[in-house]
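Survey of secondary and tertiary structure
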Amino acid sequence: MHMKHPNVLQYKESYCDVQAPKRNLDTTCQDLPSDAPLNSLFRTGAAPMPCPFKGPLEFTYSHGEQECSTPASTAEICTQDSRLLLRYQACANVLSSESFDVELECLATWKEGSTHNLVARLNLSHTHKNSDEDSYRCFIYEQTSNNSWNLAQSADASCTGLRSVKDGGKMFRMRQIHSPALCTFPSWVIENKIWMALDPITSRLLASPYNLTILNKHLDNFLREKIFRNKEDAVNTFVEFINSRTPDFYCNGTGTLVKRWKKCIESNRNYFD
């Protein structure tokens, strides 16, 4: 048994030894055939880790037949660098292709020789999941340039049979692309002007980079009828709010936060009111 990563164990097993006298453990392990199946254990509830490739990406994929390349599929950035949203596109000339989304969460990476390995958890929104095994997949990958990768994905939760990026249950060719430019207002809209939103809360905040998030009802009340014309106004007002609170305000707030976090942990990420 070998620990490939804190979240991954791999091992081979022998048949049940019924010989008399029974052989010791070392002898039994030495008699394991080299082609014995390799079993993998994945830690459930494991903390994710950053993925080895960063989005946004374009990719093509195939199931060992014709490659689905037009239109190109995409991998979008999520709020966490341990996740990618894979948006598969269907190709008219590839019968096995279909359009669906999969969230990929990276759990472990390690290297054996020149082979890079990845274990990921997949959120398959388009299929019914019968067990946890349906969510886990092994990958091997190679970086072909500064911004491109080839990958092979296992057909099931085992890592058996993955030997090359050209042979797997599914193969990918990924290429990093530039993030789309963010929309900006034209200069005649934002220069030397103060814009007020009609919403009763946001109307007190300047529609500029100096807006604040309403933290709670205390801050909400404190900000009533206040307008920030520049960054200094926003900073000074927030400092004034912090200094105006009593020690009990922070003690009670911190205590409530601890209780809320405990409730989140005890719910095991399930939704609660």
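Description of the structure in this document.

The rules behind the values
- Residues numbered from 1 in each chain as written.
- Predicted model: local features only at pLDDT ≥ 70, side-chain atom pairs only at ≥ 80, totals over all residues.
- Heavy atoms only, no water.
- Pairing = 2+ DSSP bridges.
- Helix = DSSP H or I, 4+ residues; strand = E, 2+ residues; numbered from the N terminus.
- Axes fitted to C-alpha atoms, helices over the stretch in contact; angles between N-to-C directions.
- Phe/Tyr/Trp six-rings, centres within 6.5 Å; stacked < 30°, edge-to-face > 60°.
- Buried < 20%, exposed > 50% of the residue type's maximum accessible area, 1.4 Å probe, protein only.
- Salt bridge = Lys/Arg side-chain N within 4 Å of Asp/Glu carboxyl O.

Let us look at the sheet that holds strand β5 (residues 68-77). Neighbouring strands of a sheet are bound in pairs by backbone hydrogen bonds; such pairs are parallel or else antiparallel. If you trace the eight strands once around the closed barrel, you get β4-β5-β6-β7-β8-β9-β10-β11, paired in antiparallel fashion. Averaged over neighbouring strand pairs, the angle between their axes works out to 35° when direction is ignored.

On to the packing of aromatic side chains. Under the criterion given, the structure shown has ten aromatic pairs. Here tyrosine 88 and phenylalanine 172 contribute two aromatic rings whose centre-to-centre distance is 6.3 Å and whose plane-to-plane angle is 55°, an arrangement assigned as tilted. Separated by 84 residues along the polypeptide, tyrosine 88 in strand β6 (residues 83-88) and phenylalanine 172 in strand β11 (residues 170-176) bring together distant segments of the chain. Here the two residues tyrosine 88 and phenylalanine 172 agree in accessibility, since each one is buried. Site record: aromatic cluster; members linked through ring pairs are Phe59, Tyr61, Tyr88, Phe100, Phe139 and Phe172.

This part covers the pattern of salt bridges. One pass over the structure, following the stated rule, counts eight salt bridges. Among the salt bridges present, the one from glutamate 67 reaches arginine 173, with a minimum N-O distance of 2.8 Å. Here the residue glutamate 67 occupies a position in the loop between β4 (57-62) and β5, and arginine 173 occupies one in strand β11, the gap between them amounting to 106 residues. Residue classification places glutamate 67 among the partly exposed residues on the basis of a relative accessible area of 27%. For aspartate 101, the salt bridge identified is with arginine 87, shortest N-O distance 2.6 Å. Here aspartate 101, found in strand β7 (residues 100-112), pairs with arginine 87, found in strand β6; they are 14 residues apart in sequence, far enough to count as distant. By relative accessible area, which is 28% here, aspartate 101 ends up partly exposed. Among the charged side chains, a network of salt bridges with common partners joins Arg83, Glu103, Glu105 and Arg121.

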